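Geometric and topological summary
Listed here are the chains, written in short residue letters.
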Amino acid sequence: DLEGTQVSVGTSFLFTHFGIEGNNGQQVMEKEADDRLFLLPHMYITHKLTDDIQLGLGVFERFGLGLTMDDDWFGRYNNLEVDIVTVTIAPTISYQILDNLSIGASFNVQALDVAMKQALDPQLPAATQHVKGDISLGIGGSVGIKWDPVDWLHLGASYVTRVKHNIDGDVNIDGMQPVTIKTRGHAEITTPDEITVAGTVDLTEKLTVGGSVTYSSWSVFDELTIKYDVPVLGFPEVTSVKNWKDTVRFSVGGSYKFNDSWVFRASYTYDDSPLNKATLDYLVPAHDRHIFAFGLGWTRDVWTIDFSYFFELVPKTDVPGMGHGVFPGKFQTGNANCFGITVTRRF
């Protein structure tokens, strides 16, 4: 539906905060994670090649994870620091079959960068393991369909494939004076496939409402195993059981067009947590999420600037404790604030 050539470039600034409580049988311990700022850039280009064929290119992040804790915190034998970044490059093509029906597909190249840090063992209190993966490239794709059965109703569906990553990287263990153990390791991570169905209704010329449902196959993340090229302290590998579950995400929202220049948007999303309560650890904050989002768009001539903000609330949830440095306790209420801006130019 986009005429000519359009280029959109922007970024989001995400601030996160949450805390953890644990009970070691002698005392209740509380710890807040370091507040983090994440920069999430994106770019999209579309070009109408013919009346029926549209080309595009997207560069964006679909999945990411970041957490930093103090070196002496009570869960250090489970996790001290983790940073996982994925960047997807997606060339796309769409074809308009009928005036009210079009299909599209993309070829997705996903780059993944991972770094992790954890204390190794209570019997070796100074030993810390650092894992730094080489950048891994995974291949996937997506398909979509858009149908407007009547002028005021717009329906769509999409499928995004899972992407498998084979990661090699450096493993360093320090704090075991007078030596530092250095080796290489290998791990496999698969990001889930997703199915989304969505629709919008034009209630008036100015007011549009809609919603979407997304199914994600997070059960592909059943464990995280790091295999060492050379055994470390007698162990050829280390495994962390995850057993994540498939999830469904629900969103509702709408937009109101004040005039030709200004449009206001708002939405609510309920995001089901993929974590299995029996295997909760300190890798990610747990429990389902409530996301309240607002947006404001301004258009003049060939330019559009879109501003966005969302507040994400993660309620408290109990942690049963599973050994490996994870104590019975709870994830305290967490939150995130995200501010975004996107600038679009039409040619």
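Scoring rules and cut-offs
- Residues numbered from 1 in each chain as written.
- Predicted model: local features only at pLDDT ≥ 70, side-chain atom pairs only at ≥ 80, totals over all residues.
- Heavy atoms only, no water.
- Helix = DSSP H or I, 4+ residues; strand = E, 2+ residues; numbered from the N terminus.
- Buried < 20%, exposed > 50% of the residue type's maximum accessible area, 1.4 Å probe, protein only.
- Contact = heavy atoms within 4.5 Å.
- Lys, Arg positive; Asp, Glu negative; His and termini not counted.
- Charge placed at Lys NZ, Arg CZ, Asp CG, Glu CD.
- Pairing = 2+ DSSP bridges.
- Axes fitted to C-alpha atoms, helices over the stretch in contact; angles between N-to-C directions.
- Core = buried A, V, L, I, M, F, W, Y, C linked by side-chain atoms within 4.5 Å.
- 1 Å grid on protein atoms, 1.4 Å probe; cavity = no way out; pocket = protein on both sides within 12 Å on 5 of 7 lines; lining within 4 Å.
- Points joined across faces, edges and corners; volume = space filled by probe spheres on them.
- Nonpolar A, V, L, I, M, F, W, Y, C, P; charged D, E, K, R; others polar.
- Patch = residues over 30% accessible without salt bridge, like charges linked within 9 Å, V, L, I, M, F, W, Y side chains within 5 Å.
- Areas by Shrake-Rupley, 256 points an atom, 1.4 Å probe, with all protein chains shown as cover.
- Salt bridge = Lys/Arg side-chain N within 4 Å of Asp/Glu carboxyl O.
- Phe/Tyr/Trp six-rings, centres within 6.5 Å; stacked < 30°, edge-to-face > 60°.
- Lys NZ or Arg CZ within 6 Å of the ring centre and 35° of its normal.

Below, the discussion takes up the overall build of the protein chain. Scanning the protein chain from terminus to terminus reveals zero helices and 24 strands. Projected onto the principal axes, the alpha-carbon positions of the protein chain cover approximately 70 × 40 × 30 Å. Of all 347 residues assigned to the protein chain, the portion counted as buried reaches 37%. Within the protein chain, residue pairs in contact and separated by at least 24 positions form 63% of the contacts whose partners lie at least 6 positions apart. Positive and negative side-chain charges in the protein chain, numbering 26 and 43 respectively, have mean positions lying 2 Å apart.

When you line up the elements, F307 lands in strand β21 (residues 303–314). Along the sequence, F307 and M116 sit 191 residues apart, while their C-alpha atoms lie 33 Å from each other.

Let us now look at the sheet that holds strand β3 (residues 28–32). One key point about sheets: their strands pair by backbone hydrogen bonds, in either a parallel or an antiparallel sense. Strand order in the open sheet formed by four strands is β3-β2-β23-β22, and the pairing between neighbours is antiparallel. Pairing within the sheet leaves two strands with one partner each, and these edge strands are β3 and β22 (317–319). Ignoring strand direction, the axes of neighbouring strands in this sheet form an average angle of 20°. As paired strands, strand β2 (residues 19–23) and β3 are joined by five bridges and run antiparallel to one another. Bridge pairing in β3 places G19 opposite E32.

Right, let's talk about the nonpolar core for a bit. By size, the foremost hydrophobic cluster in this structure holds 32 residues, and its most contacted members are I20, W73, Y282 and F331. Mapped by element, the contributors of at least two residues to this core are β6 (64–68), β7 (81–98) and β8 (101–121). Element by element, the count of residues in this core is highest for β8, at three residues. Those residues in contact with F331 that sit more than four places away from it in its chain are F18, G19, I20, D281, Y282, V284, P285, A286, K316, T317 and V319.

Another point: empty space enclosed by the protein. If you walk through the whole model with that rule in mind, you get one cavity of 30 Å³ or more. For the largest cavity, the calculated volume is near 120 Å³. Considering the residues around the largest cavity, the lining is formed by 14 residues, among which V114, V131, I167, A187 and I226 are closest to the centre. Elements with a minimum of two residues in the lining of the largest cavity: β8, β9 (124–133), β12 (163–176), β13 (179–191) and β16 (223–232). Among the residues making up the lining of the largest cavity, the classes are represented as nine nonpolar, four polar and one charged.

Bringing the layout of surface pockets into the picture now. Looking at the second largest pocket, its volume works out to about 840 Å³. Partitioning the lining of the second largest pocket into residue classes produces 20 nonpolar, nine polar and six charged.

All right, on to a negative patch on the surface then. A cluster of acidic residues, E30, E32, D34 and D35, forms a negative patch on the protein surface. Examined against the element boundaries, E30 turns out to sit in strand β3. Residue E30 is classed as exposed on the basis of its relative accessible area, which comes to 57%.

Inspection of the entire model under this criterion finds 14 aromatic pairs. Note on Y282 and F331: the rings are 6.3 Å apart at their centroids and 80° apart in plane angle, and the pair reads as edge-to-face. With Y282 in the loop between β19 (262–271) and β20 (289–300) and F331 in strand β23 (residues 329–331), this pair connects stretches of sequence that are 49 residues apart. On the basis of relative accessible area, Y282 is assigned to the buried category, the value being 0%. These aromatic residues form a ring-pair network of at least three members: F18, W73, F74, Y282, F327 and F331. Of note, R345 hangs over the ring of F347, and the distance from its end group to the ring centre comes to 4.4 Å.

Another aspect to go through is unusual backbone geometry. In this structure, N243 is a non-glycine residue whose phi angle is positive, near 50°. Structurally, N243 is set in the loop between β17 (235–241) and β18 (247–257). Unlike most non-glycine residues, D301 shows phi in positive territory, near 55°. When you line up the elements, D301 lands in the loop between β20 and β21. Exposure remark for D301: the relative accessible area of 69% places this residue in the exposed category.

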